Amino acid sequence: MVESFFPDNLEKALELRQKKEIRPIAGGTDLMVRWRRPAGILPAFSGDMLFTKNIAEMNILQKKDTCLYIGANTTLAQLIEWKWTPRLLRLALLEMAAPAVRNVGTIAGNICNASPAGDTLPPLYALDAVVCLQGAAGIRELPVSSFITGPGRTVLKRDELLIGIKLFFPAPDNDMVFYKKVAVRRAAAIAKISLAMRSSKKNGYVKTIAVAIGAVGPTVVRLPEIERLAEGKAVLNAELLKTIYGEYDKFIQPIDDVRSTADYRRQTARNLLHHVYDNCIKWN
Ligand SMILES: Cc1cc2nc3c(=O)[nH]c(=O)nc-3n(C[C@H](O)[C@H](O)[C@H](O)COP(=O)(O)OP(=O)(O)OC[C@H]3O[C@@H](n4cnc5c(N)ncnc54)[C@H](O)[C@@H]3O)c2cc1C
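Residues numbered from 1 in each chain as written. Predicted model: local features only at pLDDT ≥ 70, side-chain atom pairs only at ≥ 80, totals over all residues. Heavy atoms only, no water.

The protein chain goes by CO/xanthine dehydrogenase FAD-binding subunit in an unreviewed UniProt entry, where it is assigned to Pectinatus haikarae.

Quick notes on the site of the ligand
Taken together, the neighbourhood of the ligand is formed by 30 residues, with P24, A26, T29, D30 and T106 sitting nearest. A26 places a polar main-chain atom, nitrogen or oxygen, 2.8 Å from an oxygen atom of the ligand. One of the backbone N or O atoms of L162 is found 2.9 Å from a nitrogen atom in the ligand. In the complex, 89% of the free accessible area of the ligand, which totals 980 Å², lies under the protein chains. Elements with a minimum of two residues in the shell around the ligand: β2 (23-25), α2 (31-34), α6 (107-113) and β10 (161-168). If one sorts the elements of the shell around the ligand by residue count, α6 sits on top with 4 residues. In terms of residue class, the shell around the ligand is built from 17 nonpolar, 9 polar and 4 charged. Split by domain, the residues of the shell around the ligand number at least three in each of domain 1 (4-168) and domain 2 (176-283). (Near = heavy atom within 4 Å. Polar contact = N/O pair within 3.5 Å; in protein donor to acceptor, adjacent residues only side chain to side chain. Areas by Shrake-Rupley, 256 points an atom, 1.4 Å probe, with all protein chains shown as cover. Helix = DSSP H or I, 4+ residues; strand = E, 2+ residues; numbered from the N terminus. Nonpolar A, V, L, I, M, F, W, Y, C, P; charged D, E, K, R; others polar. Domains from an automatic or database assignment.)

Here we look at the UniProt feature "domain: FAD-binding PCMH-type" (unreviewed entry) in the protein chain
Using the residue numbers shown here, the UniProt feature "domain: FAD-binding PCMH-type" (unreviewed entry) corresponds to residues 1-172. Between the C-alpha atoms that bound residues 1-172 the distance is 48 Å, and the span itself is 29% helix and 24% strand. (UniProt positions renumbered as here; feature names shortened; annotations may be inferred.)

Some remarks on the pairing of strand β12 (residues 193-202)
The side chains of a regular strand alternate, first on one face of the sheet and then on the other. By the criterion of burial, β12 is predominantly enclosed, with 8 of the 10 residues buried. Both strand β11 (residues 176-182) and β12 contribute to a ladder of 7 bridges, which runs antiparallel. Bridged to M176 within β12 is S199. Two strands pair when backbone bridges link them, and β12 and strand β13 (residues 205-214) are joined in this way by 9 bridges, in the antiparallel orientation. Directly across from K201, in β13, lies its bridge partner V206. Hairpin connection of β12 to β13: 2 residues between the antiparallel strands, including N203 at a positive phi of 50 degrees. (Buried < 20%, exposed > 50% of the residue type's maximum accessible area, 1.4 Å probe, protein only. Pairing = 2+ DSSP bridges.)

As for helix α10 (residues 238-251)
Relative to the 20 Å expected for 14 residues at 1.5 Å per residue, α10 spans 21 Å between its end C-alpha atoms, a close match to the ideal helical length. Along α10, the positions that sit buried rather than exposed are L240, L241, I244, Y245 and Y248. Buried residues of α10 fall within an arc of 125 degrees about the axis and therefore sit on the same side. Within α10, the exposed residues directed more than 90 degrees away from the buried face are A238, E239, K242 and K250. For α10, the secondary structure elements touched by its buried residues are β13, α9 (224-230) and α11 (262-283). (Expected span 1.5 Å × (residues − 1). Arc of directions from axis to C-beta. Contact = heavy atoms within 4.5 Å.)

Describing helix α1 (residues 10-19)
Among the residues of α1, those classed as buried are L10, A13, L14, L16 and R17. Here the buried residues of α1 occupy an arc of 155 degrees about the axis, which is enough to place them on one side. Looking at α1, the residues exposed on the side facing more than 90 degrees away from the buried face are E11 and K19. The N-cap residue of α1 is N9: its side-chain oxygen and the backbone nitrogen of E11 are 3.1 Å apart.

As for the packing of α10 against α11
Relative orientation of the contacting elements α10 and α11 amounts to 145 degrees, with a least axis distance of 11 Å. Two packed elements cross with a definite hand, and for α10 against α11 that hand is right-handed. Side by side, α10 and α11 meet where L241, I244, Y245, Y248 and D249 of the first sit next to R270, L273, H274, Y277 and D278 of the second. Of the residues in the contact of α10 with α11, the class split is 6 nonpolar, 1 polar and 3 charged. (Axes fitted to C-alpha atoms, helices over the stretch in contact; angles between N-to-C directions. Left-handed = near helix turned anticlockwise from the far one by under 90°.)

Examining the pairing of strand β7 (residues 138-143)
Where strand β6 (residues 130-135) meets β7, 6 bridges bridge the pair, whose relative direction is antiparallel. In the strand pairing of β7, Q134 is matched with I139. The hairpin formed by β6 and β7 contains 2 residues between the paired strands.

A look at the sheet that holds strand β1 (residues 4-5)
Here we have 3 strands laid out as an open sheet, ordered β1-β3-β2, and parallel in their pairing. Looking along the sheet, the strands with just one partner apiece sit at the ends: β1 and β2. Relative to strand β3 (residues 49-51), β2 runs parallel, the two being bridged by 3 bridges. When the sheet's bridge partners are listed, I25 is paired in β3 with F51.

And the structure:
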């Protein structure tokens, strides 16, 4: 028989993770859909479930000197309201789902679901977010880009929980932020493709640019070495832009699925990349 557990602190939760095969569930907006059954019948979970919502240590939301700490259970709605949420992340949150889902869906759920189309992921990659994982061996911290390894796949160990996310404060150079989600509707729809960008300029030269693209491959695509080609430049000439776009083309490998075609995604990704690189000098 499937059992449900509702620990109210991390120690109890981690003990359960160590002892048995048990699946964490936060807001349930991904998992309840995955295991849904006909209307009026409860979802059929495939194994024991660990409900994380009462775990006090995962409900923290705080700004410490140079860091924002976002507890795993922070809901999408809380993040929209929080005054310290980086602008780039808020832009994405405002186009996610509908208010009812935002009220229960969590940031940890969106990250651990590891969908290449997850809306918080491109901004989190562009902002150099770090995930904090805790298990029997203690706490480890990883860039979100190393945490997610493929669609639905992460390096979370069997005994670990994602306990929170760290973001730099103030957010890394972001005089200009841009977020675009291409979907059948502006919100309440899963992205066909999305792109998050932050950039800054100093004395007329590009100081930083960070670009992350969702739903064009098994994981979000961010290429820091290519971003560096634009840094320090006052003009991105045609030759440089050709090199930059050529490099991205190697990593943009979308698929056909129910939401879109690979061709549409590839072309739209190119259009968005041109938009942000062609304009990053003008915008800042
Ligand atoms: C109608 C609807 C619209 C939606 N629209 C969007 C949208 O526009 N954009 C979008 O990106 N998503 C959308 N979603 C998907 C979903 O709402 C989000 O991914 C949400 O952030 C998931 O959070 P959750 O807390 O509900 O996750 P859950 O369903 O509770 O969990 C999701 C995954 O994360 C794991 N998990 C949760 N917490 C932890 C933890 N602390 N440690 C380790 N693993 C954990 C679970 O085991 C599971 O694998 C939509 C869903 C619905 C139902």
